[in-house]
Amino acid sequence: MAKLNLNRMEMPRQDPEVRGRNFEEVALGYSWEQAKEEASRCIQCPKRPCIEGCPVQIDIPNFIKAIQQNDPAEAVNVLKNKNSLPGICGRVCPQETQCEAVCTLAKKGAPVAIGRLERYLADWERLNGGAKKPELAPSSGKNVAVIGSGPASLTAAADLARMGHGVTIFEALHVAGGVLMYGIPEFRLPKEIVQTEVNFVKTLGVDIRLDSVVGKMITIDELLSDGYQAVFLGTGAGLPMFLNCPGENLNGIYSANEFLTRVNLMKAYKFPEYDTPVKIGKHVAVIGAGNVAMDSARCALRLGAEKVYIVYRRSEEEMPARREEVENAKEEGIEFRLLTSPKQFFGDEKNQVKAMECNQMTLGEPDESGRRRPIVKPGSEFTLDVDVVIVALGTTPNPLVASTTPGLQTTRHGTVVADEMVGKTVKDKVWAGGDIVTGAATVISAMGAGKRAAADINRFLGETNRS
Amino acid sequence: MYKILLKEDLVPNIHLLKIDAPAVARKAQAGQFVVIRVNEKGERIPLTIADWDREEGSITVVFMEVGTTTHRLAQLGAGDFLASFIGPLGQPTHIDKYGTVVCVSGGFATAVIMPIAREMKAAGNRVISILGARNKALLFWEDKLRSVSDKLIVTTDDGSYARKGLVTEPLKELLEGSEKVDRVIAIGPSIMMKFCARTTQPFGVKTIVSLNPIMDDGTGMCGGCRVSVGGQTRFACVDGPDFDGHQVDWDLLFARQRVYLNEEKDSFEKWKCACSEAEAKAAR
C-alpha cells in the first residue's frame, strides 16, 4: 500500500493586510496542480464515510477519482448529480464538521480537503464554458410553488425540475438567492457565483418571480387553488433578534440583517455609486460570535473602521462560528472581547450611539444548549466607546407566510412544524425545509432539507397521478 | 420591470404615478404601502398606496421630490419602467363604523388619506376631512377629498387660500365642539402627526397615525424601521405603518429619520452634478 500523504494542500488566500481593506474574495482557490495533488491524497477507502457525512450525499470518492484521472468534466458531472450549487457549498459549507470530519484520513489529522476540491470543480466549470443543461425527466404536467429562493428553495426547485415538474419560485426581494445574496458577504461568497448557480437552476426550467411577497401579494391557499399541486416553504429565518436593552434604538445600532443587507445586497460599500448608504463606524462593536457576527465584523473593517470588536458573553470555546472564519477575522485584526455582555447603550445629542456599557461574565454550569451558562460578574461594569453597533444574536423565522396560512402549525420559536425527514407540514400539500423549520442553521443543512422534501413531493405527485 | 402607465404633476414638486402591477392591485387596501426601486443601483424606498384599480391592474402612488431617489423618480414618465415594485406591504388601516371620523392630512399625504376617507365613508361613518398645505400652490385633490367627506376644512400655513393656520387649529375646534368625534386619522409630515396626536390627547380621542421611518426591505427582515410605541419596539413595516399616535415616541422617530442626513446630502449633490453635466452635454 502506498504511503499515506498527510500534507493537506493549503489554499492560497489574500494577505490579511490587503484583504482587510477590500471586498474581493479572501480565499483564492486551488490551481489545477494543487487540486490534483490534493485529490491524489484520497485513498479511495472502501468504507466511503464522507458520503454519509454530506447532508446531500454527494458521491465524493468518485468525483475525487475523476480528478485523479485528469477528467474535471466527469468530476463535475458526479458532483452536480447530487448538488446543484457546488460553487456555493465549496465556499460556505462547514466541511470540518461534515464530510471532512469523517474522512478516513481525519484520524491521522489530515482529512482530504473535500470542500476545496468541490470549489475547484465549480470554478472550473464556470470558467470552461459554464454549466451544461442536464437531462430532465419528461414533463409530469404537475406544478410546484417554491416560496423563497435561498439554499433550501433553490435545491428543492432544481431537484423538482429535474424530476419533470413545473416549478415557480416566489422571492420577496429583488434578486434571487436569499441569505446567499443579502447575508453572506462578497469576500466570502462572490455574488457572481451565486447568480451563476441561480442561473443554472433557471436553465432547468424553473421560473423565478422576484418582488413577490407571499403572504401579502398572494397566499399559499391561493397558490394551491391556482394551478399548483404542492408548495415548498423555504423562507428561512429572516427576523432579527435584538438584545432588548436600554438605548438599543439609537442611531448607528443595526441588526446584522440590516447591516449585511445594506452592504451585500444593496452594495452600500459602493455608495454613492449605489444609492443605499450605511454608517461607517470608527469603533464598531459586533454583538455575538456566530458566522453572521464574523461576517459583520469583517464587513465593518472593510468599510474603513479603525477598530472592530467581537463582543461575546461566553468564551472562545463556545463560539458558534466556523473555526476558519474566526481565524480569518483574527488575522485581519478583529479584536475579541470575550466573556463580555452589553448592558446598555449611550447616545449623543443627535441620538447617535457613542458608547456601550458592558459587564464581564464568568461561566457557570451548562444550560439547555449544553454550553456553559454565562453569569454576570458583580461590579464588573465598564464602558467601550463605539459609534456603530451590529447586533448578531441570531434570527427567527419571519411570520409573514405562517400567519397568513391557516392550517400551518408553528412552534413557540416561530418555526414551522414539519416532518424531520421529509419536511411535510401538518397542512395538506405543503412542505417546508431549511431555517424556517430548524431555526437559523447552515446552508448545506437547508439544502439537504430541500432535497429530501423534493423527493417526497415527487412521490406525492406521482401518487396523485395514479389515483 | 414595472411599467408606468401615467404620470401627473399634481403640484410642481408632488407627482402621481400609476403603475402596472396587477398582483399588487388585486390585494391592495387603504393604508398599505409598496417598496420601489427606480433602477439597478437604486435604493429601496416605501411609498404609501394612494389608490388601486383591480380591473386595470394598477396601483397609484403619490410622492414629493425630496432626495436622490424621489428626484430620479420624478424624471420618469408614462412608458418608463421601475426596477422593482413590491407590495402590498404593512397592515391595512382598520376600517370600521366608528361614528364620526376626522381625517387630517398635510402635504402630499392628502393622496394617501383619500382611500382611507373613502373607505371610512363607505363603512357608514360621518367623515370630516381637514386638508393642510403650506400654500395654495401646493394644494391638490381638494375636490376629490370633498367628494368622500361630509365636511372639508382647508388650511394653508400662509393664508394664501382658505383658512390661514395649521391643521391642528380646526382639529381642536372640532374636538371642543358639540359633535362627538370618535376617531382621528392623521397622516402627513411626522411633526404634523405629532401635533395632531398632542391636540387630541386631552380629549381622549383615539388617533391613528401612519409612520414613515427609514425602511429597507419592508417585510420585517432588517429592523431598520423600528419605532417605539407604548414603550415597546415595533417594526413599522410589518406591525404598522398605522399606530396609536398617543403612544408613539416621536423624538425617537425624528432622530431615526435623520440618521443618514449627511449621506443623503452627498448622494443628492452627486445626483445634481450628474444632471447638470448631462444637461451641459445635451446643450453642446
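Reading the values: the criteria
Residues numbered from 1 in each chain as written. Chains lettered and ligands numbered in written order. Predicted model: local features only at pLDDT ≥ 70, side-chain atom pairs only at ≥ 80, totals over all residues. Heavy atoms only, no water. Helix = DSSP H or I, 4+ residues; strand = E, 2+ residues; numbered from the N terminus. Rg over C-alpha atoms; globule rule 2.2 N^0.38 Å. Contact = heavy atoms within 4.5 Å. Areas by Shrake-Rupley, 256 points an atom, 1.4 Å probe, with all protein chains shown as cover. Lys, Arg positive; Asp, Glu negative; His and termini not counted. Charge placed at Lys NZ, Arg CZ, Asp CG, Glu CD. Buried area = accessible area lost by both parts, 1.4 Å probe. Salt bridge = Lys/Arg side-chain N within 4 Å of Asp/Glu carboxyl O. Polar contact = N/O pair within 3.5 Å; in protein donor to acceptor, adjacent residues only side chain to side chain. Axes fitted to C-alpha atoms, helices over the stretch in contact; angles between N-to-C directions. Parallel < 35°, antiparallel > 145°, perpendicular 65-115°, else oblique. Left-handed = near helix turned anticlockwise from the far one by under 90°. Nonpolar A, V, L, I, M, F, W, Y, C, P; charged D, E, K, R; others polar. Phe/Tyr/Trp six-rings, centres within 6.5 Å; stacked < 30°, edge-to-face > 60°. Lys NZ or Arg CZ within 6 Å of the ring centre and 35° of its normal. 1 Å grid on protein atoms, 1.4 Å probe; cavity = no way out; pocket = protein on both sides within 12 Å on 5 of 7 lines; lining within 4 Å. Points joined across faces, edges and corners; volume = space filled by probe spheres on them. Buried < 20%, exposed > 50% of the residue type's maximum accessible area, 1.4 Å probe, protein only. Pairing = 2+ DSSP bridges. Core = buried A, V, L, I, M, F, W, Y, C linked by side-chain atoms within 4.5 Å.

**Q** Could you give an account of the overall build of chain A, naming the residues involved and the relevant values?
**A** What chain A contains, in helices and strands, is 17 helices and 16 strands. For a compact globule of 467 residues, the expected C-alpha radius of gyration is about 23 Å, and chain A comes in at 23 Å, within 12% of that figure. Expressed as lengths along the three principal axes of its C-alpha atoms, the size of chain A is roughly 70 × 60 × 50 Å. Pairs at least 24 apart in sequence give 69% of the contacts found in chain A among residues at least 6 apart. Of the roughly 18900 Å² of accessible surface on chain A, a fraction of 50% belongs to carbon and sulfur atoms. Each charge sign in chain A was given a centre, from 56 positive and 58 negative side chains, and these centres are 3 Å apart.

**Q** With reference to specific residues and values, describe the interface of chain A and chain B.
**A** With 42 residues of chain A at the interface, the matching set in chain B holds 43 residues. Contact between chain A and chain B buries roughly 3500 Å² in total, counting both sides, with carbon and sulfur atoms accounting for 51%. When the area that chain A buries against chain B is broken down by residue, the three leading residues are Lys-216, Asn-249 and Asp-275 of chain A, summing to 21%. At the boundary of chain A and chain B, one finds five salt bridges. Asp-275 of chain A is paired through a salt bridge with Arg-72 of chain B; the nearest N and O atoms lie 2.4 Å apart. If you look at where chain A meets chain B, you find 23 residue pairs in polar contact (both at pLDDT 80 or more). Within the residue set of the side of chain A that touches chain B, elements represented by two or more residues are strand S5 (239-240), strand S6 (253-255) and helix H13 (256-265) of chain A. Broken down by element, the side of chain A that touches chain B gets its largest block of residues, four residues, from H13 of chain A.

**Q** Tell me what's going on with the packing of helix H5 (residues 168-176) of chain B against helix H6 (residues 190-200) of chain B, and back it up with residues and numbers.
**A** All names here are of chain B. One can describe the packing of H5 onto H6 by two numbers: an axis separation of 10 Å at closest approach and a directional angle of 20°. Relative to H6, the element H5 is oriented roughly parallel. Note on packing geometry: the crossing formed by H5 with H6 is right-handed. In this structure, H5 contributes Thr-168, Leu-171, Lys-172 and Leu-175 to the contact, and H6 contributes Phe-195, Cys-196, Thr-199 and Thr-200. The residue inventory of the contact of H5 with H6, partitioned by class, reads four nonpolar, three polar and one charged.

**Q** Outline the packing of aromatic side chains, listing residues and values.
**A** All names here are of chain A. Inspection of the entire model under this criterion finds 11 aromatic pairs over all chains. Ring centres of Phe-170 and Tyr-228 lie 6.1 Å apart, and the angle between their planes is 75°; on these two criteria the pair is classed as edge-to-face. With a gap of 58 residues between them, Phe-170 in strand S2 (residues 166-170) and Tyr-228 in the loop between helix H12 (220-224) and strand S4 (230-233) connect regions that are remote in the sequence. Through successive ring pairs, a cluster of aromatic residues spans Phe-23, Phe-187 and Tyr-269. Between the NZ or CZ atom of Arg-302 and the centre of the ring of Phe-187, over which it lies, the distance is 3.8 Å. Over the ring of Phe-336 we find Lys-330, and its NZ or CZ is 5.6 Å from the ring centre.

**Q** Break down empty space enclosed by the protein for me, citing the residues and quoting the values.
**A** Over the atoms rolls a probe the size of a water molecule, and in doing so it shows where empty space is left. All names here are of chain A. Taken as a whole and judged by the stated rule, the model has three cavities of 30 Å³ or more. By volume, the largest cavity amounts to about 140 Å³. Lining of the largest cavity is provided by 15 residues; of these, Cys-42, Cys-45, Cys-50, Cys-103 and Thr-104 occupy positions nearest its centre. Of all the elements, helix H4 (residues 60-68) adds the most residues to the lining of the largest cavity, at three residues. For the lining of the largest cavity, the class distribution of residues is 12 nonpolar, two polar and one charged.

**Q** An account of the packing of helix H2 (residues 32-39) of chain A against H4 of chain A is needed here, citing residue identities and associated values.
**A** When two helices pack together, their arrangement is given by the angle between their axes and by how far apart the axes lie. All names here are of chain A. Put simply, H2 and H4 touch, their axes get as near as 9 Å, and they point 125° apart. The orientation of H2 with respect to H4, classified from their angle, is oblique. Crossing geometry of H2 relative to H4 is assigned as left-handed. Facing H2, whose interface residues are Trp-32, Ala-35, Lys-36 and Ala-39, H4 presents Ile-64, Ile-67 and Gln-68. Here the residues of the contact of H2 with H4 are counted per class, giving five nonpolar, one polar and one charged.

**Q** Tell me about the pairing of strand S14 (residues 388-391) of chain A, residues and numbers included.
**A** All names here are of chain A. With burial as the criterion, each face of S14 is covered, one bearing Val-388 and Ile-390 and the other bearing Val-389 and Val-391. Note: S6 against S14, three bridges, orientation parallel. Counterpart to Ile-253 in the pairing with S14 is Val-389. Pairing of strand S7 (residues 283-287) with S14, which is carried by four bridges, proceeds in the parallel orientation. What sits directly across from Val-286, in S14, is Ile-390.

**Q** Break down the pattern of salt bridges for me, with residues and values.
**A** All names here are of chain A. If you walk through the whole model with that rule in mind, you get 53 salt bridges over all chains. Residue Glu-331 pairs with Arg-13 through a salt bridge whose shortest N-O separation is 2.9 Å. On the criterion of sequence distance, the pair formed by Glu-331 in helix H15 (residues 323-332) and Arg-13 in the segment before helix H1 (16-19) is long-range, its members being 318 residues apart. By relative accessible area, Glu-331 is classed as partly exposed at 36%. Arg-13 sits in the partly exposed class, given a relative accessible area of 37%. Of the charged contacts in the structure, one is a salt bridge between Arg-322 and Glu-96, with a shortest N-O distance of 2.9 Å. Taken together, the residues Arg-322 in the loop between strand S8 (307-311) and H15 and Glu-96 in the loop between helix H6 (86-92) and helix H7 (99-102) connect sequence positions 226 residues apart. Note on Glu-96: relative accessible area 33%, which makes it partly exposed. If you follow the salt bridges from partner to partner, you end up with Arg-13, Arg-19, Arg-188, Asp-295, Arg-298, Arg-302, Glu-325, Glu-331 and Glu-332 in one network.

**Q** Explain the nonpolar core residue by residue, including any values.
**A** Residues and elements named next belong to chain A. If you look at the biggest cluster of nonpolar residues, it comprises 74 residues, and the most contacted ones within it are Ile-60, Phe-63, Ile-64 and Leu-117. When residues in this core are grouped by element, the largest group, nine residues, is from helix H17 (residues 443-466). Look past the residues within four positions of Ile-64 in its chain and what remains in contact with it is Ala-39, Cys-42, Gln-44, Val-112, Ile-114 and Leu-117.

**Q** Now, about the environment of Arg-188 of chain A: what can you tell me, with residues and values included?
**A** Along the chain, Arg-188 of chain A falls in the loop between helix H10 (179-182) and helix H11 (191-203). Those residues within four positions of Arg-188 of chain A in sequence are excluded, and the remaining contacts are Glu-25, Arg-91, Val-92, Asn-291, Asp-295, Arg-298 and Glu-325 of chain A.

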